[in-house]
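# Notes for the structure review
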Amino acid sequence: MQNRSKKNPIVIDISRYQGVIDFKKVAAADVKGVYIRLTEGKTYLDPKAYDNYKAAKNAGLRVGFYHYAHTINNPVKEVDFFLKKLGKMKADFPHCLGLEEAKGNTRAQVSTFGLAWMGYLQKKTGIVPILYAGNSFAKSYFTSALGKYPLWIARYSSSNRTKGFNNPGNLGDTPVWSKWAMFQFTDQGKISGIKGYVDINEMDLSFFKSIDTGIIYTNGANPPSSYRKGDSGLGVMEL
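For the structure given in this document, a descriptive report is provided here. Quick caveat, the model's predicted, so the values are computed rather than measured.

Summing up its helical and strand segments, the chain has seven helices and nine strands in all. Split into buried and exposed, the 239 residues of the chain put 49% on the buried side. Of all intrachain contacts in the chain linking residues separated by at least 6 positions in sequence, the fraction that spans at least 24 positions is 70%. Approximately 11,500 Å² of the chain is accessible, and the part contributed by carbon and sulfur atoms is 48%.

Set out below in structure tokens:
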């Protein structure tokens with residue numbers, strides 16, 4: 001796969017573990033976007049997801065959401081949970097499926113789960129999702145059937161995690177992907193506005209341009225005054 005490039009935009013990914021973030025400082029550090037953990041499995045909502053969304057959007061950052069999968073679950077139920085918690089929040093990046101644990105499943109089973117998850121999400125939203133995994137996991141558990149989806153790959157240098165590899169390498173003798181859409185080169189990055197470490201990624205410039213939908217700001221302080229049973233989304237969470 002291709003090497004990193006200074007022309008590629010920097011995108012971080014975050015969860016509750018980063019605590020309170022000053023997104024204006026993040027944006028001033030030349031970060032172009034942020035992926036926010038929204039859900040995990042069928043029941044877990046990241047408690048910082050909505051606050052992170054509002055603050056990142058209003059700092060002028062492009063925003064995407066990722067889901068941490070449990071491959072022993074029904075993928076349809078996981079997607080339904082993800083979309084329920086997404087509500088009416090506006091994503092600028094494709095929704096992401098994170099596959100990191102086999103939980104006793106085989107390569108074929110993990111790949112079948114991934115195909116079902118992403119296929120169902122695409123059917124429900126019209127958005128082609130992106131697939132995240134570590135380099136070793138992808139080599140061990142991904143079949144060629146997943147190659148139709150853009151890849152977000154992670155690989156870190158053991159000698160210098162803040163520098164990382166120049167490229168993640170090929171995924172096997174016959175690579176499923178010849179190019180990555182996003183490359184997570186460190187999990188120990190330092191960015192102004194964030195205390196402690198944060199994952200840092202390069203997004204391939206051509207991929208970034210192909211999904212450029214612009215920024216949609218959100219007024220997070222004034223939810224509608226009334227709701228009906230069954231309503232969901234950011235306003236309900238704010239209320």
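The next subject is the nonpolar core. Ile12, Phe65, Leu99 and Phe142 are the most contacted members of the largest nonpolar core, which has 50 residues in total. Of the residues forming this core, the biggest block, five residues, is contributed by helix H4 (residues 107-125). Contacts of Phe65, omitting those with residues within four sequence positions, involve Tyr35, Ile36, Leu38, Tyr53, Phe82, Leu86, Met89, Ala91, Pro94, His95 and Cys96. Judged by nonpolar contacts, the second largest core, of 15 residues, contains Tyr132, Trp152, Met182 and Phe207.

Tallied over the full model, the rule gives eight salt bridges. A salt bridge links Lys32 to Asp30; its shortest N-O distance comes to 3.1 Å. Across the pair Glu101 and Lys103 runs a salt bridge whose closest N-O atoms are separated by 3.9 Å. Take Glu101: its relative accessible area is 32%, and that puts it in the partly exposed class. You can call Lys103 partly exposed: its relative accessible area is 36%. When salt bridges with common partners are traced through the structure, they connect Arg37, Glu40 and Asp46 into a single cluster.

One pass over the structure, following the stated rule, counts ten aromatic pairs. The structure contains a cluster of three or more aromatic residues connected by ring pairs, namely Tyr35, Phe93, Tyr132, Trp152 and Phe208. For Arg4, the ring lying beneath its charged end belongs to Phe185, and the centroid distance is 3.7 Å. Just above the ring of Phe165 sits the side chain of Arg155; from NZ or CZ to the centre is 3.8 Å.

What follows deals with the side chain of Glu78. Position of Glu78 relative to the elements: it lies in helix H3 (residues 75-86). Buried charge Glu78 goes without a salt bridge, the closest partner of opposite sign being Lys42 at 7.5 Å. Ignoring any residue separated from it by four or fewer positions in sequence, one finds Glu78 in contact with Gly41, Lys42, His67, Ala69, His70, Asn73, Phe113 and Trp117.

Before going further, it helps to examine the packing of H3 against H4. In helix packing, the relevant descriptors are the interaxial angle and the interaxial distance, both defined with respect to the helix axes. One can describe the packing of H3 onto H4 by two numbers: an axis separation of 9 Å at closest approach and a directional angle of 40°. If you check the angle between H3 and H4, you find them oblique. Here H3 and H4 pass one another in a crossing that is right-handed. When H3 is examined against H4, the residues Pro75, Val76, Glu78, Val79, Asp80, Phe82 and Leu83 are found in contact with a partner set consisting of Phe113, Ala116, Trp117, Tyr120, Leu121, Lys124 and Thr125. Class assignment for the residues of the contact of H3 with H4 results in ten nonpolar, one polar and three charged.

Most of strand E9 (residues 198-203) is tucked away, with six of its six residues classed as buried. Here four bridges tie strand E1 (residues 10-14) to E9, and the two strands are oriented antiparallel to one another. Considered in E9, the bridge of Ile10 is made with Glu202. Pairing analysis gives five bridges linking strand E8 (residues 182-189) to E9, with the strands arranged antiparallel. Across the sheet, the residue bridging to Met182 is Met203, located in E9.

Thresholds applied
Residues numbered from 1 in each chain as written. Predicted model: local features only at pLDDT ≥ 70, side-chain atom pairs only at ≥ 80, totals over all residues. Heavy atoms only, no water. Helix = DSSP H or I, 4+ residues; strand = E, 2+ residues; numbered from the N terminus. Buried < 20%, exposed > 50% of the residue type's maximum accessible area, 1.4 Å probe, protein only. Contact = heavy atoms within 4.5 Å. Areas by Shrake-Rupley, 256 points an atom, 1.4 Å probe, with all protein chains shown as cover. Core = buried A, V, L, I, M, F, W, Y, C linked by side-chain atoms within 4.5 Å. Salt bridge = Lys/Arg side-chain N within 4 Å of Asp/Glu carboxyl O. Phe/Tyr/Trp six-rings, centres within 6.5 Å; stacked < 30°, edge-to-face > 60°. Lys NZ or Arg CZ within 6 Å of the ring centre and 35° of its normal. Lys, Arg positive; Asp, Glu negative; His and termini not counted. Axes fitted to C-alpha atoms, helices over the stretch in contact; angles between N-to-C directions. Parallel < 35°, antiparallel > 145°, perpendicular 65-115°, else oblique. Left-handed = near helix turned anticlockwise from the far one by under 90°. Nonpolar A, V, L, I, M, F, W, Y, C, P; charged D, E, K, R; others polar. Pairing = 2+ DSSP bridges.

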